[in-house]
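In case you want the letters, here they are:
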Amino acid sequence: ILVHEIAHQWWGIGAMPVQDNTSCWSAEGITCYSIYCFMKKYLGEEYAQKQYINVWQHDWNTYKNAFYIQHPEYLEKLSDRDVSNIMGSFQNIRLYSIMPLMILKGENALGGTTAFQKKLSELYLSHIRQPITYNDFLAATGLTKEAIELE
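Note that the coordinates shown come from a computational prediction; the quantities given were computed from them, not determined experimentally.

Could you give an account of the pattern of salt bridges, naming the residues involved and the relevant values?
Inspection of every chain in the model, using the stated rule, returns two salt bridges. Across the salt bridge formed by K105 and E151, the nearest N and O atoms sit 3.1 Å from each other. Taken together, the positions of K105 in helix α6 (residues 91-109) and E151 in the segment after α9 (145-148) put the pair 46 residues apart, joining distant regions of the chain. Its salt-bridge partner being E122, residue K118 comes within 2.8 Å of it at the nearest N-O pair. One end of the pair, K118, and the other, E122, are both in helix α7 (residues 113-126), four residues apart, so they sit about a helical turn from each other. A relative accessible area of 53% places K118 in the exposed class.

Take a look at the structure:
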């Protein structure tokens, strides 16, 4: 928890969430990815794999296999309040697990940690005290939404 909160000192709350109720972009995702990188460096790859990537992957599997995610047409039959409760129950998975997995996929697409973190550093420095949008992230890294989507 401490490392997570310290990572927020860099990413803060400046990663502006997309207001579409389906996007995963937020300060939490980039912070969770940053924690993973820190833990991988200081506690080893095996630890980081078990405590972060495996947990994120489990959450992703839970999310993509959830009934209302697979069958969103049934949400139309529910009250707005019920839809809000159901979709809200997936919010933590989207922010704390899916987005870090997407970022990790971006890291791999760009050839590894060093190249990717250089681009993140440039993004951070170019947006000090400014919001960082999902499009800013994509532009800075040269990635596309399609390149980091999870299957």
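Could you give me a rundown of the packing of aromatic side chains, with the residues and numbers involved?
Across all of its chains, the model carries 13 aromatic pairs by this definition. Ring centres of Y63 and F90 lie 5.4 Å apart, and the angle between their planes is 85°; this geometry places the pair in the edge-to-face category. Of this pair, Y63 sits in helix α3 (residues 45-65) while F90 is found in the loop between α5 (80-89) and α6, placing the two residues 27 residues apart along the sequence. Each member of the pair, Y63 as well as F90, carries the same accessibility label: buried. Ring-pair connections join several aromatic residues into one group, and the members of that group are W25, Y33, Y36, Y52, W56, F116, Y134 and F137.

Quick one: what's the story with the packing of α3 against α6, residue by residue and with numbers?
Direction vectors running N to C along α3 and α6 enclose 115°, while the axes themselves pass 9 Å from each other. Taken together, the axes of α3 and α6 are roughly perpendicular relative to one another. Between α3 and α6 lies a crossing whose hand is left-handed. Taking contact as the criterion, the partners of I53, W56, Q57, D59, W60, T62 and Y63 in α3 are, on α6, I93, R94, Y96, S97, I98, P100, L101 and L104. Here the residues of the contact of α3 with α6 are counted per class, giving 10 nonpolar, three polar and two charged.

Lay out the side chain of T141 with the relevant residues and their values.
Inspection of the secondary structure puts T141 in helix α8 (residues 134-141). For T141, a relative accessible area of 2% gives the class buried. Within the local environment of T141, its side chain forms a polar contact with the backbone nitrogen of L143, the two atoms lying 3.4 Å apart. When near neighbours in sequence (up to four residues on either side) are disregarded, T141 contacts L110, F116 and K119.

Which residues make up the confidence of the model for the chain, and what values do they have?
Averaged over all residues, the pLDDT of the chain is 87; the fraction at 70 or higher stands at 87%. Within the chain, α3 carries the highest mean pLDDT (96), whereas helix α1 (residues 2-11) carries the lowest (68).

Conventions we followed
Residue indices follow the written sequence of each chain, beginning from 1 at its first position. The predicted origin of the model limits local features to residues at a pLDDT of at least 70 and limits the giving and counting of side-chain atom pairs to 80 or more, whereas totals for whole chains, interfaces and linings rest on all residues. Values reported for side chains reflect all heavy atoms of the structure, with hydrogen atoms and water molecules removed beforehand. Only one rule defines a salt bridge in this text: a Lys or Arg side-chain nitrogen within 4 Å of an Asp or Glu carboxyl oxygen. Helix and strand assignments follow DSSP, with helices taken as H or I runs no shorter than four residues and strands as E runs no shorter than two, numbered in order from the N terminus. Here the term buried applies to any residue with accessible area under 20% of the maximum for its type, exposed to any over 50%, and partly exposed to those in between, with areas from a 1.4 Å probe on protein chains only. Any two of the Phe, Tyr and Trp rings considered here, Trp counted by its six-membered ring, make a pair once their centres fall within 6.5 Å; the pair's planes then place it as stacked at under 30 degrees, edge-to-face at over 60, or tilted in between. An axis is simply a line fitted to the C-alpha atoms; with a helix, the fit covers only the stretch in contact. Between two such axes, the angle follows the N-to-C directions and lies from 0 to 180 degrees. Small angles under 35 degrees read as roughly parallel and large ones over 145 as roughly antiparallel, with 65 to 115 read as roughly perpendicular and the rest as oblique. Crossings are sorted by hand: turned counterclockwise from the far helix by less than a right angle, the near helix makes the crossing left-handed, and turned clockwise it makes it right-handed. The contact criterion used is simple: two residues touch if any of their non-hydrogen atoms lie within 4.5 Å. Three classes are used: nonpolar for Ala, Val, Leu, Ile, Met, Phe, Trp, Tyr, Cys and Pro, charged for Asp, Glu, Lys and Arg, and polar for all others, with Gly counted as polar. Whenever two N or O atoms come within 3.5 Å, that pair is a polar contact, provided that in protein one can donate a hydrogen and the other can accept it, and provided that, for residues adjacent in sequence, both atoms are side-chain atoms. Here pLDDT means the predictor's own confidence in every residue, given as a number from 0 to 100.

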